[in-house]
Amino acid sequence: MTKKSTVMLNLTLISLIGISSSCSKHSQKKESQLSSSLASQLSAQGKVSEASDMYSRIGEILLSRPEGVFHAESMFKKSLELNPYDNKANIYSAVIAPVLTTKGFLKRFKNIATENELQAKELEQRINDSGVKEFIDFALVMPAGKKAAISMEDVRSFYRNEYAKELENSITKLNNIKSDKFSIDLNISAYQSKKTSSSICKVDSDGAFICDELKAQELQGTVRRSVDAYDLKALKIILKTQKNAMKLAYSVGLEGFENVNILLSRNENNTDKMIVDAIRSQPNLLKIDGTKEDLRDIFNHSEEVMNDLIDFSKISKEVCNNENRTSNIANNICVSEQAADKINEILMFVVGPKSVVLGLDKDGSEVSVEVDLRALLDSKVTSLQELLPNKFNAEGRATDVRDLTFAGIIPNADLLAKLKTVVK
């Protein structure tokens, strides 16, 4: 993981804010004025369903402005506290909540994401110059109890233990949607007129949001989109894939990463032994984070994702280039039979041993080994340092490894032997 990759991840997260900002038209209400204080009163009176519905609608209306995303999630949270099965609150929150875990991203990650102090100051100035209070607060004010990242380990821990955790919560929210089909109205044109959309919602002296339902329904440029089981499955695939990638990619500890770089920078020609010694000087570096259950969950979700994609290939006529789905949020889900075959190959890595071709030997014959990723579930390995070489020749080159099966991933312990026979 490099500083550049960290910058790209942060920029990607920021861009998602704009993507997730969409407005949904609510069922007709008799009252024109909706307010979070009124929703609170309804809840206190035992009118839980009405209160949840109002919180959800206020959140939807707030999304008619880009900066509204920072307030809308609080409304969706209140809605889901009263009714965990609210369709729209669940789908909006599933998209927004992970992004909001990056609050205070500039202050929190600037030591890692920027090459020098001048760059950090210039970026902070551009954010302040935007004049958007909500975005300035989001970028520069860290949540209570959070500290600025000073190492790659801090960044790794954030993505695995905070961002990935919120992705997991988002998957649960989508699972809580019980309706087979409902509609939302995406509104983009409201962004072009701050005066128009800002008049829809205001904040009173007590900090409560007051929104005008009738004005919200009059917003121009609204496009109605349907959400059905296929749309939800497609969104779940995206979230599960992101979560699995985060948890797997950031499952190995990086504490001491910077110290190893310093040690190795002292010599331009580091031998295998020097590299291994530098890594072993940091006992927590490459330590595996999480439990066996975490790993099992990754494998199980990976199977689900692969099987869902294969299912989409089997129902291609229903979800790919179907005129009846032109109004759906995921209106064109196409997975070809060829793609399904490739997916099935990947699935084999998840469910059990799979033969992998390494190349060709001198006679032109394929050289392959068996690979079993699930062996990690039964492995007693707690750190990748345990798999590092422990014998070296006079030149410092590694002559063997401690475990030729690589914790059971190569069940026949023949990877090194097979690699020696590969010529192309």
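One can find the structure itself at the top, above this paragraph.
First, a word on scope: everything that follows refers to the structure included in this document. (Residues numbered from 1 in each chain as written. Predicted model: local features only at pLDDT ≥ 70, side-chain atom pairs only at ≥ 80, totals over all residues. Heavy atoms only, no water.)

**Notes on the packing of helix H12 (residues 229-249) against helix H15 (residues 292-314)**
One can describe the packing of H12 onto H15 by two numbers: an axis separation of 9 Å at closest approach and a directional angle of 145°. When the axes of H12 and H15 are compared, the crossing they make is left-handed. For the pair H12 and H15, contact is made by Tyr230, Lys233, Ala234, Ile237, Lys240, Thr241, Lys243, Asn244, Lys247 and Leu248 and by Asp294, Leu295, Asp297, Ile298, His301, Ser302, Glu304, Val305, Asp308, Leu309, Asp311 and Phe312, respectively. Looking at side-chain class alone, the contact of H12 with H15 contains nine nonpolar, four polar and nine charged residues. (Axes fitted to C-alpha atoms, helices over the stretch in contact; angles between N-to-C directions. Helix = DSSP H or I, 4+ residues; strand = E, 2+ residues; numbered from the N terminus. Left-handed = near helix turned anticlockwise from the far one by under 90°. Contact = heavy atoms within 4.5 Å. Nonpolar A, V, L, I, M, F, W, Y, C, P; charged D, E, K, R; others polar.)

**Notes on the packing of aromatic side chains**
Considering all chains together, one arrives at seven aromatic pairs under this definition. Summarising the aromatic geometry, the rings of Phe158 and Tyr159 are spaced 5.0 Å apart at their centres and angled 65° between planes, so their arrangement reads as edge-to-face. Both rings, one in Tyr159 and one in Tyr163, keep their centres 6.3 Å apart while their planes meet at 80°; by these two values the pair is edge-to-face. You can see Tyr159 and its partner Tyr163 sitting in helix H9 (residues 152-175), four residues apart, about one turn around the helix. Summarising the burial analysis for this pair, Tyr159 and Tyr163 share the class buried. Here the aromatic residues Phe109, Phe158, Tyr159, Tyr163 and Tyr250 are joined through ring pairs into a cluster of three or more. The aromatic ring of Phe312 is capped on one face by Lys233, whose charged end is 5.6 Å from the ring centroid. (Phe/Tyr/Trp six-rings, centres within 6.5 Å; stacked < 30°, edge-to-face > 60°. Buried < 20%, exposed > 50% of the residue type's maximum accessible area, 1.4 Å probe, protein only. Lys NZ or Arg CZ within 6 Å of the ring centre and 35° of its normal.)

**Quick word on the sheet that holds strand S4 (residues 209-212)**
Strand pairing within a sheet occurs via backbone hydrogen bonds; the two strands may be parallel or antiparallel. Strand order in the open sheet made by the three strands is S1-S4-S3, with antiparallel pairing throughout. Strand pairing shows two members of the sheet lacking a second neighbour, strand S1 (33-35) and strand S3 (201-203), which therefore form its edges. Across the sheet, the axes of successive neighbouring strands diverge by a mean angle of 25°, strand direction being ignored. Taken together, the three bridges between S1 and S4 define a ladder with antiparallel strand orientation. Each bridged residue has a counterpart across the sheet, and for Leu34 the counterpart in S4 is Cys211. Of the strands in this sheet, S1, S3 and S4 touch helix H3 (residues 48-62), which is tilted by about 105° from S1. (Pairing = 2+ DSSP bridges.)

**Quick word on the environment of Ala139**
Along the chain, Ala139 turns up in helix H8 (residues 133-140). What makes Ala139 buried here is its relative accessible area of 0%. In sequence terms Ala139 and Arg108 are 31 residues apart; their C-alpha atoms lie 9.1 Å from each other. In this view, Ala139 contacts Gly104, Phe105, Leu106, Lys107 and Ile127; residues no more than four positions away in its chain are not counted.

**Here's the deal with unusual backbone geometry**
If you check the backbone angles, Leu286 has positive phi at about 75° while not being a glycine. Within the secondary structure, Leu286 sits in the loop between helix H14 (272-280) and H15. Despite not being glycine, Phe406 shows a phi value in the positive range, around 50°. Structurally, Phe406 is set in the loop between strand S9 (398-400) and helix H19 (415-419).

**Let's talk about the nonpolar core**
With 57 residues, the main nonpolar core has Ile58, Ile91 and Leu174 as its most contacted residues. The leading source of residues in this core is H9, at nine residues. In terms of nonpolar packing, the next biggest core, distinct from the first, is built from 11 residues, Ala234, Val305, Val319 and Ile343 among them. (Core = buried A, V, L, I, M, F, W, Y, C linked by side-chain atoms within 4.5 Å.)

**Brief notes about the pattern of salt bridges**
Going through the model one piece at a time under the given rule, you end up with 20 salt bridges. Between Arg57 and Glu213 there is a salt bridge, and its shortest N-O distance comes to 3.0 Å. Separated by 156 residues along the polypeptide, Arg57 in helix H3 and Glu213 in helix H11 (residues 213-217) bring together distant segments of the chain. In this pair, the class of Arg57 matches that of Glu213, namely buried. Between Lys247 and Glu168 there is a salt bridge, with the nearest N and O atoms lying 3.5 Å from each other. In this pair, Lys247 sits in helix H12 while Glu168 sits in helix H9, placing the two residues 79 residues apart along the sequence. By relative accessible area, Lys247 is classed as buried at 8%. On the accessibility criterion, Glu168 (24% relative accessible area) is partly exposed. Connected through salt bridges with shared partners, the residues Arg57, Glu60, Lys88 and Glu213 form a single ionic network. (Salt bridge = Lys/Arg side-chain N within 4 Å of Asp/Glu carboxyl O.)

**Focus on the state of the cysteines**
The full count for this structure, using the stated rule, is two disulfides. Note that Cys201 is cross-linked by a disulfide to Cys211, the S-S spacing being 2.1 Å. Its S-S torsion of approximately 110° makes the covalent link between Cys201 and Cys211 right-handed. Taken together, the residues Cys201 in strand S3 and Cys211 in strand S4 connect sequence positions 10 residues apart. Here Cys320 pairs with Cys334 through a disulfide, and the sulfurs are 2.0 Å apart. Between Cys320 and Cys334 the sulfur-sulfur dihedral comes to about 90°; the bridge is accordingly right-handed. On the criterion of sequence distance, the pair formed by Cys320 in the loop between helix H16 (316-319) and helix H17 (337-351) and Cys334 in the loop between H16 and H17 is long-range, its members being 14 residues apart. When its relative accessible area of 16% is taken as the criterion, Cys320 is described as buried. For Cys334, a relative accessible area of 39% corresponds to the partly exposed category. Across the protein chain, the way the bonded cysteines pair up, counted in sequence order, is 1-2, 3-4. (Disulfide = S-S within 2.5 Å.)

This is a description of form; function is not addressed.
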